[in-house]
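Observations on the model geometry
Spelled out, the chains give:
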Amino acid sequence: MSHTHTDQEAHNKEAMAEIKKVTIILSVFTIIELILGFWMISMTSEGLKLAVKGTIVILMMAKAFYIVAYFMHLKHEVKNLIMTIVVPLLLFVWFIAAFLWDGNSFRNLRNDYDPYFKEQATIKVEKKEGEHGAAKHEASESKHEAAAPAEKH
Amino acid sequence: MSTTTTASPNEAKLWGGGKSPFNSEYGKVMMWYFLMSDAFTFGAFLISYGTVRFSTNGWPNSNEVFRSFPFAPEGVHAPLVFVSIMTFILIISSVTMVLAVHAGKNMDKQGVVRNMILTIIGGLAFLSCQAWEWNHLFHEGAWWGANPFLNADGTASTTNFTNFFFTITGFHGFHVFSGVVINVIMLIMTLMDKFEQRGHYLMIEKAGLYWHFVDLVWVFVFTIFYLL
C-alpha cells in the first residue's frame, strides 16, 4: 500500500459517508413505498392505482441500483467488469415485456373463447374457513399436533 | 492487488497480459457471475408469477392476505406492518455487512467480528419472521396446492397465488439461510485469524456480495408480492 496515513484516513471518511448516505436513501425510499402502499389500500380509482404502482416500481429499481452500485461496490469497479455484468442483464427488458404481454394476451383469448373461464370471474363465492392444518386438527380435538406436515390434497 | 489499470493510454494493452483486466481477483469475478445466474433464476420465477397473474381475471388482495402480526389480538388487522419490519431488518443487516467489508479493508479484525455478528443476528431475525409468517399462513389453510383466500372481487381464486408465494419466498428464504451459514463460516474463520494470516479479508467481500444480493432479491420480492 502506497497510501500515506492521512490519505487512508480521508479515504475511510469518504467511504463511511457514502455508506451513511446510501443507508438513508434506501430507508427513505422504503418508507415512501410503504406510504404509497398504505395509501393504495383505500384507493378506488384504477388509473391512480396504476400510477402509484408505477411509482413503486421506479422506487424499487432505484433501490436496486443503490444496492448494486454502492453496497456491492460495482460503481467503483473497472468499466470492463461493470459491462460484463450489466449488459447481459438487459435481457430482462425483453424477458419482462414479452412474458407480461403474453400473459395478458392469454387472458384475453380465454375470455373470448372459454366461456367457463369468463363465467368464473363473475361468480362470487363464500370464503371457506380452514381447509387443513390447525382448523382440521381443532375439529378432531388434537390441537397439540397442529404443526404436523400438510395433508395430501 | 494494487495493479494500476486505470488511465492506460492504450486500451489494447489492458488485455495484453501481465495485468488484471478487471482489476479484481478471480473469486470475486466468479461470485459476480454466479449472482448473475441467480438473478436470472429469481427473474424467471418472478416473471412467471407476473405472467400467470396477467393471464388470470382475478387475484387475491395482498392487504387482505398479509395482515397479521405476531401477538396481535384476534381481529386486529395490520396490512404491510409485519413485512415492513422484515424489510428493514434485511436493509440494516446489509448495512452491517458493508461495515464488515469496510473494516476488513482496514485489517480491523474487531470491526469485522462485531459487524459479522450483527449481520448474522439480522439474518436469523429475518428467518424467524418468515417462519412465523409461513406458519401463520399455513394455519389459515394456505400451502402449496391450497388457497383459502378469495380474489379481491370476491370470486374463487386458484392455487396459483399460494404456489408462487411459497415457492418464491421459500427460495429466497433458502438463500437467506445459506447466507447466514456462509456468514457464520466467515465469522469463525475471522476468529481463527485465517484472514490475518493471509494478509487480506477478500473472503468477507465475497460473502458480502452474496448477502447484498439476498437483500436485493428481497427488494423485488417484497415489492411484487406485498405492494403491487
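Reading the values: the criteria
- Residues numbered from 1 in each chain as written.
- Chains lettered and ligands numbered in written order.
- Predicted model: local features only at pLDDT ≥ 70, side-chain atom pairs only at ≥ 80, totals over all residues.
- Helix = DSSP H or I, 4+ residues; strand = E, 2+ residues; numbered from the N terminus.
- Contact = placed C-beta atoms within 7 Å.
- Nonpolar A, V, L, I, M, F, W, Y, C, P; charged D, E, K, R; others polar.
- Axes fitted to C-alpha atoms, helices over the stretch in contact; angles between N-to-C directions.
- Parallel < 35°, antiparallel > 145°, perpendicular 65-115°, else oblique.
- Domains from an automatic or database assignment.
- pLDDT = per-residue confidence, 0-100.

This next bit is on the overall build of chain B. For chain B, the helix and strand inventory stands at 7 helices and 0 strands. Going residue by residue from the N terminus, the α and β elements of chain B occur as α-α-α-α-α-α-α. Dimensions along the principal axes, computed over C-alpha positions, put chain B at roughly 65 × 40 × 25 Å.

What follows covers the environment of E126(A). Its location among the elements puts E126(A) in the loop between α5 (115-120) and α6 (134-139). Residues E126(A) and S45(A), 81 residues apart in the sequence, show an inter-C-alpha distance of 26 Å.

Take the interface of chain A and chain B next. The partner chain B presents 52 residues to the 55 residues of chain A that form the contact. For the side of chain A that touches chain B, the secondary-structure elements that each account for two or more residues are α1 (5-41), α2 (46-71), α3 (79-89), α4 (91-113) and α6 of chain A. Here the element with the most residues in the side of chain A that touches chain B is α1(A); it accounts for 12 residues. Looking at side-chain class alone, the side of chain A that touches chain B contains 32 nonpolar, 13 polar and 10 charged residues.

Attention shifts here to the packing of α2(A) against helix α7 (residues 202-227) of chain B. For the pair α2(A) and α7(B), interaxial distance at closest approach is 10 Å and the crossing angle is 175 degrees. With respect to α7(B), the axis of α2(A) lies roughly antiparallel. Only H212(B), D215(B), L216(B), V219(B), F220(B), T223(B) and L227(B) of α7(B) make contact with α2(A), whose side of the interface consists of I56(A), M60(A), K63(A), A64(A), I67(A), V68(A) and F71(A). Across the contact of α2(A) with α7(B), the residue classes break down as 10 nonpolar, 2 polar and 2 charged.

Turning our eyes to something else, we now look at the packing of α3(A) against helix α1 (residues 26-54) of chain B. Following both chains from N to C, one finds α3(A) and α1(B) inclined at 10 degrees, their axes separated by 11 Å at the closest point. In terms of axis orientation, α3(A) runs roughly parallel to α1(B). Residues L81(A), I85(A), P88(A) and L89(A) of α3(A) pack against V29(B), W32(B), M36(B) and A39(B) of α1(B). A breakdown of the residues in the contact of α3(A) with α1(B) according to their chemical character gives 8 nonpolar, no polar and no charged.

Along its sequence, chain A is carved into domain 1 (1-77) and domain 2 (90-125). Put simply, the middle of domain 1 of chain A and the middle of domain 2 of chain A, counted by C-alpha atoms, are 33 Å apart.

Another aspect to go through is the confidence of the model for chain A. Taken over all residues, the pLDDT of chain A has a mean of 84, while the share at 70 or more is 80%. Confidence scores differ between elements of chain A, with α6(A) showing the lowest mean pLDDT of 45 and α4(A) the highest of 96.

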